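Observations on the model geometry
Below are the chains, spelled out letter by letter.
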Protein chains: 2
Amino acid sequence: MESEFLSWLRARLPEHPRLSLGPGDDAAVLNMQPGAGCVLTSDLLSEGTDFESPPGDWGKVGRKALAMNLSDLAAMAAQPLAALVSVLLPRIGGLAIAQQIYDGMCPLVAEFDIPIAGGDTNSWEGPAVVSVTAVGQTTEHGLWLRSGARPLDRVLVTGSLGGSILGHHFDFVPRVREALLLNARYRIHAATDISDGLSLDLANILAASQVGATLDTGRIPISPAARRVARTVGGTPLEHALGDGEDFELILIVPPDEAPRLLSDQPLPVPLTQIGHIIPQPGLWERQADGSRTPLQPRGYRH
Amino acid sequence: MESEFLSWLRARLPEHPRLSLGPGDDAAVLNMQPGAGCVLTSDLLSEGTDFESPPGDWGKVGRKALAMNLSDLAAMAAQPLAALVSVLLPRIGGLAIAQQIYDGMCPLVAEFDIPIAGGDTNSWEGPAVVSVTAVGQTTEHGLWLRSGARPLDRVLVTGSLGGSILGHHFDFVPRVREALLLNARYRIHAATDISDGLSLDLANILAASQVGATLDTGRIPISPAARRVARTVGGTPLEHALGDGEDFELILIVPPDEAPRLLSDQPLPVPLTQIGHIIPQPGLWERQADGSRTPLQPRGYRH
């Protein structure tokens, strides 16, 4: 299966000016901007855990594995450069699955100019596993970290949240372009992408920055999917927006004098919404209409 | 399991001057030599396919997964910089396994100064999977490719070959230092590491370079393990040296005026042996004592 797949793959992968070697040699060589930092992230998806067994569409699985990694690069405002894709597939039918996985990645490869530089193709008797490493580079505008939030900063999010299980977790477009644009034009103190859930991912920023936050929960942009999930499986739409995860939107921590400009400019094709404030006291809080605070337990999917 | 493991891992990973972020953020940032190419390679190992189920020693599995990737970097004479390690482990007992896998990597991390920059830790109901991506950089002396072999070049190998199943496939030391030293001091036209078997890996060089080779099979350095395997499972020691694979030695294609110097210098702690010649006609041949040639079928482990 492996050598047949490799032949199929080599014929499909276009030569790329950034890659001086394709997946044929022992390793691939990626030409980077001199002086840029090399940004590295990996995600692994497995059948029956991260996607259904068997999934209805292997192309969606491939697309998601690559898109999750691109979202991690976007979370730091890094420019994507290349990806390595390792798969572990059933012996029977594995070749067709491998081709569907790579076909599912192709539109993202083209859209974000992130050629597949190599990987490893294996077969076994078990369920399918897809492991992707994405490589990016820092830009002249630096990187966003989780640790940069400061008291009085504003908490903003892109898009709308919750209910991604209805389809968004497969279809989402990683916020790469949005992150690069914001980083070039605005001061952002800290950021992350929402993979585990708004409240849990924000809590990671708070812990890394040693601060707390209050959320104006009435302002959280709730997706139509969160409302639909609430009707069918219970919970409130807000609970789904706070904890569902896999929104792959950005949480942006913005200095108080920059947030109004960003909110009035609305420079992205997707809405930017202010949902809270950073405070010195640790913890995550819900701010009531009367100004009082109640603790908000971070909830979400802990990988 | 995952968050507990991450805490354990973060406490163990030393800060590294080359990494400006640890595995805690969305991605890691690796500082490279300005102008160097970024060399990327991935290998994935699975329980029951690449190692026994369960293995006697998870540390050996971790060590091998990292060492294989280092061997791929050595095959191109790239300098190792960092590794990303993704694991997929059983829910029950997975934390202890993860710790053993990383503990097994630690000596290589120290010996080759290749910090673990991140990865992804997952659990499921299935067998264990370890996926490693190694990142290296090109040096001022350039890279070795498979495609550089030319007629009249000599075929050399490091070390001795065959029978790695008896233990060498776990214990081998990737030829990173040897490759960097040879690349700095000698002209090497092409190279690869022996992962699938001498004859098959050499055939890959021949195909990439559009040449052929004759082997003086009497000169191939046969390991004591190849002789032991031949006694117990059959075949000749030479057949095991030609086809067993996972020797993780280097095949070096050396210009005719450089080979004598290299062979007389013997600059490595491990022997360098000339085993054949590159010829213009495609194919792999065994050269008899009387100078006649017979075809040699490449054999080995096709991943």
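Residues numbered from 1 in each chain as written. Chains lettered and ligands numbered in written order. Predicted model: local features only at pLDDT ≥ 70, side-chain atom pairs only at ≥ 80, totals over all residues.

**Looking at the overall build of chain A**
Helix and strand counts for chain A stand at nine helices and twelve strands. Against the compact-globule benchmark of 19 Å for 303 residues, chain A has a radius of gyration of 20 Å, which places it among compact chains. For chain A, the C-alpha atoms occupy an extent of roughly 65 × 50 × 30 Å along the three principal directions. Within chain A, buried positions represent 58% of all 303 residues. Counting only contacts in chain A whose residues sit at least 6 apart along the sequence, the fraction spanning at least 24 positions is 84%. (Helix = DSSP H or I, 4+ residues; strand = E, 2+ residues; numbered from the N terminus. Rg over C-alpha atoms; globule rule 2.2 N^0.38 Å. Buried ≥ 20, exposed ≤ 12 C-beta atoms within 10 Å, placed from the backbone. Contact = placed C-beta atoms within 7 Å.)

**Side note on the sheet that holds strand S11 (residues 283-287) of chain B**
Residues and elements named next belong to chain B. Spatial strand order, S7-S9-S6-S10-S8-S11-S12: seven strands in an open sheet with mixed pairing. In the strand order of this sheet, the two ends are held by strand S7 (190-193) and strand S12 (293-295), each with one partner. This sheet shows a mean twist of 30° between the axes of neighbouring strands, independent of strand direction. Bridge analysis of strand S6 (residues 154-158) against strand S10 (residues 272-279) gives five bridges, and the strand direction is antiparallel. (Pairing = 2+ DSSP bridges. Axes fitted to C-alpha atoms, helices over the stretch in contact; angles between N-to-C directions.)

**Section: helix H3 (residues 94-111) of chain A**
Residue and element names in this part refer to chain A. With 18 residues, H3 ought to run about 26 Å at 1.5 Å a step, and its terminal C-alpha atoms sit 27 Å apart, in line with that. Listing the buried residues of H3 in full gives Gly94, Ile97, Ala98, Ile101, Tyr102, Gly104, Met105, Leu108 and Val109. Phi for Asp113, located one or two positions after H3, is positive at around 50°. (Expected span 1.5 Å × (residues − 1).)

**A short note on the relation of the copies chain A and chain B**
Each copy of the sequence occupies a distinct position, and chain A is placed on chain B by a rotation of 180° and an axial shift of 0.0 Å, giving an RMSD of 0.0 Å. Here the symmetry operator amounts to a two-fold rotation axis. Minimal C-alpha distance to the rotation axis in chain A is attained by Pro34 of chain A, lying at 2.4 Å. The overlap is high: 100% of the interface residues of chain A also sit at the interface in chain B, so the same surface is used on both sides. (Least-squares fit on C-alpha atoms with pLDDT ≥ 70 in both.)

**Side note on the sheet that holds strand S6 (residues 154-158) of chain A**
By definition, the strands of a sheet pair up through backbone hydrogen bonds, in either a parallel or an antiparallel sense. Residues and elements named next belong to chain A. With mixed pairing, seven strands are arranged side by side in an open sheet as S7-S9-S6-S10-S8-S11-S12. Edge positions in the open sheet fall to strand S7 (190-193) and strand S12 (293-295), since each of these has one partner strand only. The sheet shows a mean angle of 30° between the axes of neighbouring strands, taken without regard to direction.

**Regarding the packing of helix H2 (residues 58-75) of chain B against helix H3 (residues 94-111) of chain B**
Residues and elements named next belong to chain B. As a packed pair, H2 and H3 sit with axes 7 Å apart at the nearest point and diverge in direction by 45°. On the basis of the axis angle, H2 is oblique to H3. Seen along the crossing, H2 lies across H3 with a hand that is right-handed. Counted together, Trp58, Gly59, Lys60, Val61, Gly62, Arg63, Leu66, Ala67 and Leu70 of H2 and Ile97, Gln100, Ile101, Tyr102, Asp103, Gly104, Met105 and Leu108 of H3 form the full contact between these two elements. Residues belonging to the contact of H2 with H3 are distributed by class as follows: ten nonpolar, four polar and three charged. (Parallel < 35°, antiparallel > 145°, perpendicular 65-115°, else oblique. Left-handed = near helix turned anticlockwise from the far one by under 90°. Nonpolar A, V, L, I, M, F, W, Y, C, P; charged D, E, K, R; others polar.)

**As for the interface of chain A and chain B**
Facing the 54 residues of chain A at the interface are 54 residues of chain B. Among the secondary structure elements, those contributing two or more residues to the side of chain A that touches chain B are helix H1 (2-12), strand S1 (28-30), strand S2 (38-46), helix H2 (58-75), strand S3 (79-90), strand S4 (116-124), strand S5 (129-137) and S7 of chain A. In terms of residue count, the dominant contributor to the side of chain A that touches chain B is S2 of chain A (eight residues). When the residues that make up the side of chain A that touches chain B are grouped by side-chain class, the tally is 24 nonpolar, 20 polar and ten charged.

Any link to function would need more than the numbers given here.
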